[in-house]
Protein chains: 2
Amino acid sequence: MASVTLKDVAKVAGVSYATVSRAVSGSPEISEDTRRRILKLCKEMGYTPNSIARSMVKRCTNILGLIVPSLNNPFMSELTADLEIYARNRGYNLMVCNSSYDHDLELEVFSLLIGRQVDGVIMIPVGHEPYESLSALTGQVPTVFISENMQNYPENYVSVDNYRGMQIATEYLYSLGHREILYFGARSDSKTHELRLDGYLSSCKKLGLEPHVLRSSYSRSSREVGYTLASDYFSRPHSETAILCAADMLAIGVKQAAYEAGIRIPKDISLMGFDNISFSALPEIDLTTINQPTQQMATSAVDMLLDHIRNPEAAHGQLILPPALIERRSCRPIKS
Amino acid sequence: MASVTLKDVAKVAGVSYATVSRAVSGSPEISEDTRRRILKLCKEMGYTPNSIARSMVKRCTNILGLIVPSLNNPFMSELTADLEIYARNRGYNLMVCNSSYDHDLELEVFSLLIGRQVDGVIMIPVGHEPYESLSALTGQVPTVFISENMQNYPENYVSVDNYRGMQIATEYLYSLGHREILYFGARSDSKTHELRLDGYLSSCKKLGLEPHVLRSSYSRSSREVGYTLASDYFSRPHSETAILCAADMLAIGVKQAAYEAGIRIPKDISLMGFDNISFSALPEIDLTTINQPTQQMATSAVDMLLDHIRNPEAAHGQLILPPALIERRSCRPIKS
DNA sequence: TAAAATAACTTAAACGTTTACAGTGTTGTT
DNA sequence: AACAACACTGTAAACGTTTAAGTTATTTTA
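Overview of the structure.

Scoring rules and cut-offs
- Residues numbered from 1 in each chain as written.
- Chains lettered and ligands numbered in written order.
- Predicted model: local features only at pLDDT ≥ 70, side-chain atom pairs only at ≥ 80, totals over all residues.
- Heavy atoms only, no water.
- Core = buried A, V, L, I, M, F, W, Y, C linked by side-chain atoms within 4.5 Å.
- Buried < 20%, exposed > 50% of the residue type's maximum accessible area, 1.4 Å probe, protein only.
- Contact = heavy atoms within 4.5 Å.
- Least-squares fit on C-alpha atoms with pLDDT ≥ 70 in both.
- Near = heavy atom within 4 Å.
- Polar contact = N/O pair within 3.5 Å; in protein donor to acceptor, adjacent residues only side chain to side chain.
- Helix = DSSP H or I, 4+ residues; strand = E, 2+ residues; numbered from the N terminus.
- Pairing = 2+ DSSP bridges.
- Axes fitted to C-alpha atoms, helices over the stretch in contact; angles between N-to-C directions.
- Patch = residues over 30% accessible without salt bridge, like charges linked within 9 Å, V, L, I, M, F, W, Y side chains within 5 Å.
- Areas by Shrake-Rupley, 256 points an atom, 1.4 Å probe, with all protein chains shown as cover.
- Salt bridge = Lys/Arg side-chain N within 4 Å of Asp/Glu carboxyl O.
- Phe/Tyr/Trp six-rings, centres within 6.5 Å; stacked < 30°, edge-to-face > 60°.

The next subject is the nonpolar core. Nonpolar side chains in soluble globular proteins tend to end up buried together. Formed by 151 residues in total, the largest nonpolar core has its most connected members in Leu-83, Phe-184 and Ile-243 of chain A together with Leu-83, Phe-184 and Ile-243 of chain B. Once residues within four sequence positions are removed from consideration, Phe-184 of chain A is found in contact with Leu-214, Gly-226, Leu-229, Ala-230, Ile-243, Leu-244, Cys-245, Ala-246, Leu-250 and Val-254 of chain A.

Mapping chain B onto chain A calls for a rotation angle of 180° and an axial translation of 0.1 Å; the resulting RMSD is 0.1 Å. Interpreted geometrically, this transformation is the action of a two-fold axis. The rotation axis passes nearest to the C-alpha of Met-95 of chain B in chain B, at a distance of 2.3 Å. Comparing contact sets, 100% of the residues at the interface of chain B also lie at the interface in chain A, consistent with an isologous, same-surface contact.

The full set close to DNA strand D counts 26 residues, and Ser-21 and Arg-54 of chain A together with Thr-19, Arg-22 and Arg-59 of chain B are the nearest of them. Sugar and phosphate atoms constitute 67% of the interface atoms of DNA strand D, taking the interface as everything within 4 Å of the protein. Note that a phosphate oxygen of DNA strand D is positioned 3.1 Å from one of the side-chain N or O atoms of Tyr-47 of chain A. Looking at the surface near DNA strand D, the elements that each hand over two or more residues are helix H2 (17–25) and helix H4 (51–58) of chain A together with helix H2 (17–25) and helix H4 (51–58) of chain B. Broken down by element, the residue count for the surface near DNA strand D peaks at five residues, all from H4 of chain A.

Our focus in this paragraph is the sheet that holds strand S9 (residues 270–272) of chain B. Residue and element names in this part refer to chain B. Taken together, the four strands give an open sheet; going across it, the order is S7-S6-S8-S9, and neighbouring strands pair in parallel fashion. Two strands bound the open sheet, and with one partner strand each, they are strand S7 (212–216) and S9. Averaged over all neighbouring strand pairs, the angle between strand axes comes to 20°, with direction disregarded. Contacting strand S6 (181–187), strand S8 (242–245) and S9, helix H8 (residues 162–175) crosses the sheet at an angle of about 170° to S8.

A contiguous nonpolar patch, built from Met-56 and Val-57 of chain A together with Met-56 and Val-57 of chain B and spanning about 360 Å² of accessible area, is present on the exposed surface. Residue assignment for the nonpolar patch shows that the elements contributing at least two residues are H4 of chain A together with H4 of chain B. Here Val-57 of chain A shows up in helix H4.

A few words now on the pattern of salt bridges. Counting across every chain of the model gives 32 salt bridges over all chains. The salt bridge partner of Glu-44 of chain A is Lys-40 of chain A, with a shortest N-O separation of 3.6 Å. Placement of the pair is Glu-44 of chain A and Lys-40 of chain A together in helix H3 (residues 32–45), with a separation of four residues, close to one helical turn. Accessibility expressed as a relative area gives 56% for Glu-44 of chain A, which makes it exposed. Glu-32 of chain B is the salt-bridge partner of Arg-35 of chain B, the closest N and O atoms lying 3.3 Å from each other. Pair noted here: Arg-35 of chain B and Glu-32 of chain B are both in helix H3 (residues 32–45), with a separation of three residues, about one helical turn. Assessed through its relative accessible area of 14%, Arg-35 of chain B is described here as buried. Glu-32 of chain B gets classed as partly exposed once you look at its relative accessible area, which sits at 43%. Linked by salt bridges that have partners in common, Glu-32, Asp-33, Arg-35 and Arg-36 of chain A make up one network.

This paragraph deals with the packing of aromatic side chains. Residue and element names in this part refer to chain B. Counted by the stated rule, this structure contains seven aromatic pairs over all chains. Taken together, a centroid distance of 5.1 Å and an interplanar angle of 35° make the contact between Tyr-183 and Tyr-200 tilted. One end of the pair, Tyr-183, is in strand S6; the other, Tyr-200, is in helix H9 (residues 191–207), with 17 residues separating them in the sequence. No difference in accessibility class separates Tyr-183 from Tyr-200, as the two residues are buried.

Here's what the structure looks like:
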């Protein structure tokens, strides 16, 4: 597996290895004749540039780090796929790390990526980070967050407008006639979730509804968490006609619990999510939800990061993308 | 963002930078006193070893490449998560590339990863690869495939026993009384699929059933493909009492088509999948299927790859893991 | 036609580590 | 007391590139 280097090619070509380097890297200060000759030779000899050595001298690796809390959540894995494809098209590879919804691990892999000399980091934070521990890291490498968790920090981030999204959701349920809407699965360790909750609360206020909030003490919004919380909820008396979930995965868990409790959706109770993961479109799930423009979030995050790598002195950018209502059949109108 | 190097630490500590290197890398030939003193200084000065430079001289990067056809498929994304976590625990980071079910792109990113000097590659191939194009690449870097597509090639691979898995599935449906079983979504460009189909065919022969095979001309087994094929199937006369799908995602697409065609599962027709993706456990999907032991596949693939990196002369390893029936409620018994 | 500019190439230093080898001082052995 | 053995530390080369500076040959300019 010993690979052929510039020197090997240079020896055969009878030129200095600087010349080979110039031929390969497309420098202008070389004649077309020799370039062609050398490039042909490179191909014959099976020369592949060693990007490690190149990184060494160029002081950049063309590698981006990506930190995600999970890949089992389709929202995250679809976002990851979009990020990887777009970054690759822009000449960067992705080093992916799973933080497993663990704050400490998140910081640990961040350090690890810095040691790896990545040119930048894209992070979907687990929750609301204490700024001190994080800024020590973001100070070392250009970073873009996908989340509003960094809202009040001087950091780059892209996000959907979570606040507005939940307003849209609440208003939609109201327009169907729902007056008692349960906000399901509020996490207090995440700015994103805080904003979603605030969106709901503000709409309640505006529409004259009394807020009903079911909080979650878990640090992730998985199907299992939704199932657990909802099983408990359904086992006790409740008056709400609609459940507005903080995330689609929660709603899927709620659906499962509802099914087991003999509660039909949307006949007995309406259900809404947030994220619009691909599975929500299945006829068996058929979940009305709020769309996050994942593809646009991915491209924007990469663009923002590359801009910041090129110009580290630039001001931090915040990009808030518009959410959209995706109407399916998990909600039904109420006659009051 | 200029980082502090060995030299900087050495200057402050008043020692040669070889000594610092030894302190950091845990070499035995250094006194405990100086080690402690230097390590403390490193921490104070915020020294992070440059793994690029280390890779340069050590001739290994501790990076593994991973090539997956897609991350939108939960089977792949869960596998990816397991691979990443396990590899990281063994000291390796993962560079993930999406081949988007594209044969040419698959080879392209493989070359790219080789240029990146990854120590090894794990690949979930799109389908049955022509050996010539691939061996030129696998000859350059230790590689492990997760798939039986490489069965007759001298390559490392781990896989579930696809043949046996489909036998189990067919026998199960037979035991429920099904005598006309449609094998759905057979791909001819994949050894894995070929083995699954062969498993079905062998069971048919053994049980005295006439095989019914619906072939797919698509190179991926997605929900969309399942939906498209099934919509067509349901629109025409059919006599089968059970559909055995080549993959869970196909079955989910079939379910959607059945729903739209007014066909109830399992009342009107039984449905089975293969893979046991997490969504198949949802009560709304509730798909009887064959389990692939993803976690074990992930750890075995990493172990196999690291073994092969350490000992490149070792014989190629093939690991076939046992499948298991996961009984849910998408199949019902038939009275004949 | 001589000087200046340009083109094409070579030389050598640099990037930040690791490590073989050499050097120094201390301890142990006889 | 002399020498070997040992523990520690320093020196310098190496890894495979890029690129500034230097060299030579050729072309342009006045």
